[in-house]
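Examining the three-dimensional arrangement
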Amino acid sequence: MSETVKLPTRDGFGDEIVALGKENPDILVVDVDIGKSCKTGAFRQQLPKQHLNVGIAEQNGAGVAAGLASCGKIPFVVTYAAFGSMRMCEMIRQEICYPKLNVKIACSHGGVTPANDGASHQAIEDMGILRTIPNMTVVMPADYWSARKLVRAAAEFNGPVYLRFTRDAIPVIYDESAEFTIGKAHQIQDGKDVAIIANGDTVRLAIEAAKVLAAEGISARVLDMHTIKPLDVEVVTACVNDIGKIITVEDHNILNGLGSAVAEVVAESGKGILRRVGIQDQFGQSAPYERLLAINGVTVEHIVELAKELNA
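Here goes a summary of the coordinates provided.

Procedures and definitions
- Residues numbered from 1 in each chain as written.
- Predicted model: local features only at pLDDT ≥ 70, side-chain atom pairs only at ≥ 80, totals over all residues.
- Heavy atoms only, no water.
- Buried < 20%, exposed > 50% of the residue type's maximum accessible area, 1.4 Å probe, protein only.
- Helix = DSSP H or I, 4+ residues; strand = E, 2+ residues; numbered from the N terminus.
- Arc of directions from axis to C-beta.
- Contact = heavy atoms within 4.5 Å.
- Disulfide = S-S within 2.5 Å.
- Axes fitted to C-alpha atoms, helices over the stretch in contact; angles between N-to-C directions.
- Parallel < 35°, antiparallel > 145°, perpendicular 65-115°, else oblique.
- Left-handed = near helix turned anticlockwise from the far one by under 90°.
- Pairing = 2+ DSSP bridges.
- Salt bridge = Lys/Arg side-chain N within 4 Å of Asp/Glu carboxyl O.

1. Considering helix α10 (residues 233–242)
An α-helical turn contains 3.6 residues, so any two residues separated by three or four positions project in the same direction. Those residues of α10 not exposed but buried are V235, V236, C239 and V240. For α10, the angular spread of buried residues about the axis comes to 145°, placing them on one side. Seen from the buried face of α10, the exposed residues on the opposite side, beyond 90 degrees, are E234 and D242. The elements touched by buried residues of α10 are β10 (194–198), β11 (220–224), β13 (245–253) and α11 (258–269). G244 sits one or two positions beyond α10 and adopts a positive phi of about 85°.

Right, dumping it as structure tokens:
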């Protein structure tokens, strides 16, 4: 993990979507008038014939994308996570997922990264809402390079995909050579005493917590669970069988997100202990991003504390 380079994952999306659009004229961007924040400006400038701006009309954007997909295009609807998951929810269900159309919903400002914009713009429910809809795939990259790789994977994947990005700059964990497969967790390191499963902007916290734990004699397996639907059940089951002690970490409500998805596997296995770190089923506030995480215990210190308790 880079100690100095920090980039928002929305930048990875913005760069990769231009590359994809140049390679494939069927890839389109459907903007809902916030392209500056969602990093589609370069796409609009360089590929104007593949770009549509429907204005501040998220539901219409979903419908337009569905129509385009039915004609063989690969549209990316681009907006904020709060609007792309909730304002568009019925259209996603009825017009995109029910007919299983090849629409990608690419959303910046996931989790509490909208920070000072407050609770109205902080999407703490989005992945949970969308993972309950049949035919939907739900992905959150952990850094700039994984964002680029997973955006490309989503473009190549046939079916609806929800992609969630950060507004805030976060450490670059991977390099350009790293490879990612939708539905398969990326193991960062192995360990025998505790498994830490994180996604998105909290993977960096899991890595730092593992370093602290190693210095204290606790060996942590660290997994980047970039896809929460379909969840990599095989790798979670391996954590249950090999270690039996799991901590999930996410910038999302602890209800129905990564923690819940992992809990379902653990419960059905009939063994193992799980602790969930995430947003504590409460709305956000207007405050700096790191402060909002700390209010909810989404910190290196809390992860370390839980790991020690599990290994006491």
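2. Topic: the state of the cysteines
One pass over the full model with this rule turns up zero disulfides. C89 takes part in no disulfide bond, and the closest cysteine sulfur to it belongs to C97, at a distance of 9.0 Å. Owing to a relative accessible area of 22%, C89 belongs among the partly exposed residues under this scheme. The cysteine C107 is free of any disulfide, with C38 supplying the nearest cysteine sulfur at 7.3 Å.

3. Side note on the packing of α10 against α11
Relative orientation and spacing of two packed helices are given, respectively, by the angle between their axes and the distance between those axes. Relative orientation of the contacting elements α10 and α11 amounts to 55°, with a least axis distance of 10 Å. Between α10 and α11, the crossing angle belongs to the class labelled oblique. Crossing of α10 against α11: the hand is right-handed. Residue-level inspection shows V233, V236, T237 and V240 of α10 in contact with α11, the latter providing V262, V265, V266 and S269.

4. Thoughts on the sheet that holds strand β9 (residues 186–189)
Spatially, five strands are ordered β9-β11-β10-β13-β14 in an open sheet, and the strand pairing comes out mixed. Strand pairing shows two members of the sheet lacking a second neighbour, β9 and β14 (273–279), which therefore form its edges. When strand polarity is set aside, the average angle formed by the axes of neighbouring strands in this sheet is 20°. Of the strand pairs in this sheet, β9 and β11 are connected by three bridges, and their pairing is antiparallel. Its bridge partner being in β11, Q187 is matched across the sheet by L223. Contacts between α11 and the sheet are confined to β10, β13 and β14, with β13 contributing the most and set at about 150° to the helix.

5. Here's the deal with the packing of helix α9 (residues 203–215) against helix α13 (residues 300–310)
Relative to each other, α9 and α13 sit at 50°, their axes nearing to 9 Å. Between α9 and α13, the angle is such that the two are oblique. Note that α9 runs across α13; the crossing there is right-handed. Residues L205, A206, E208, A209, V212 and L213 of α9 lie in contact with α13, whose contacting residues are V300, I303, V304, A307 and K308.

6. Some points on the pairing of strand β4 (residues 74–80)
Judged by how many residues are buried, β4 sits mostly within the fold: seven of seven residues are covered. Strand direction decides the pairing type here: strand β2 (residues 27–31) and β4, joined by five bridges, are parallel. When the bridges of β4 are listed, D31 appears paired with V78. Across five bridges, β4 lies against strand β5 (residues 104–108) in parallel orientation. Looking at the pairing, T79 lines up with C107 of β5.

7. Quick notes on the pattern of salt bridges
Here the idea is simple: oppositely charged side chains can pair when their charged atoms come close. Overall, the coordinates contain 18 salt bridges when judged by the stated rule. In this structure, the salt-bridge partner of K308 is E216, at a minimum N-O distance of 2.7 Å. Within this pair, whereas K308 is found in helix α13, its partner E216 is found in the loop between α9 and β11, the two being separated by 92 residues in sequence. Salt bridges here are not isolated pairs; linked through shared partners, they connect E16, E23, R148 and R152.

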